[in-house]
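The lines below spell out each chain.
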Amino acid sequence: MTLIVDRPFQVGGRVKFDAFYGEVTSMGLRSVRMITLDNHVVTIPNNKFLTEAVASANHGRLDMLIPVEFFISSAQDIAIARRIVEECITSNRYVFLGRPWCVVTSQILSEVATVRLVAKAYVLDVKYEAEYATTLTERVLAAFREKHIALPGEPG
């Protein structure tokens with residue numbers, strides 16, 4: 001009853017529950033079924049939703065925000081790297097440009113000073129999540145090489 005009244009997610013929604021992430025395929029009286037990105041069917045008893053948190057990424061909408069991280073050496077030109085990521089987002093065939101997108105930059109201080117760039121954009125349909133992340137990563141890394149943007153630990 002809690003799932004029916006509260007509706008924390010719905011069929012078609014992408015959810016993260018415990019160690020599992022995937023699309024909700026059915027909601028029954030006793031359990032919820034989801035299929036993970038690697039095609040595993042996971043059945044979760046409904047009573048788990050009373051005591052544990054569940055995160056819904058799209059709440060049943062087709063479009064969904066997908067963050068993709070990139071790391072560069074802190075000695076690199078961050079403005080050029082950011083522009084590369086922005087151009088790769090806006091030219092990606094899976095991106096829904098009708099929703100806001102951005103690139104968030106932060107510094108990570110550890111053994112090697114690193115800059116993290118997070119591309120945050122909405123995909124047209126959640127079924128393109130993996131394709132979007134793959135094509136974006138391939139294009140950004142190729143452009144980084146072309147513009148001689150060094151990754152952490154690389155000479156440059």
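Structure: above.
Description of the structure in this document. (Residues numbered from 1 in each chain as written. Predicted model: local features only at pLDDT ≥ 70, side-chain atom pairs only at ≥ 80, totals over all residues. Heavy atoms only, no water.)

**Quick notes on the nonpolar core**
(1) Moving on: The biggest cluster of nonpolar side chains holds 25 residues, and the ones touching the most others in it are F70, V85, I89, Y132, L136 and F144.
(2) Moving on: The set of elements that each furnish at least two residues to this core consists of β6 (64-73), α3 (78-90), β8 (114-123) and α4 (129-146). (Core = buried A, V, L, I, M, F, W, Y, C linked by side-chain atoms within 4.5 Å. Buried < 20%, exposed > 50% of the residue type's maximum accessible area, 1.4 Å probe, protein only. Helix = DSSP H or I, 4+ residues; strand = E, 2+ residues; numbered from the N terminus.)

**Concerning the sheet that holds β6**
(1) Moving on: Ordered by their spatial adjacency, three strands build an open sheet running β6-β8-β7, and the pairing between neighbours is antiparallel. Two strands bound the open sheet, and with one partner strand each, they are β6 and β7 (102-108). The mean inter-strand angle of the sheet, taken between neighbouring strand axes irrespective of direction, is 20°.
(2) Moving on: Alignment of β7 against β8, held across seven bridges, turns out to be antiparallel. Note on β8: the bridge partner recorded for V103 is A119.
(3) Moving on: Each of β6, β7 and β8 is contacted by α3, which is oriented at about 145° to β7, the strand it contacts most.
(4) Moving on: Packed on one face of the sheet, α4 meets β6 and β8 and runs near 25° to β6. (Pairing = 2+ DSSP bridges. Axes fitted to C-alpha atoms, helices over the stretch in contact; angles between N-to-C directions. Contact = heavy atoms within 4.5 Å.)

Geometry only, nothing functional implied.
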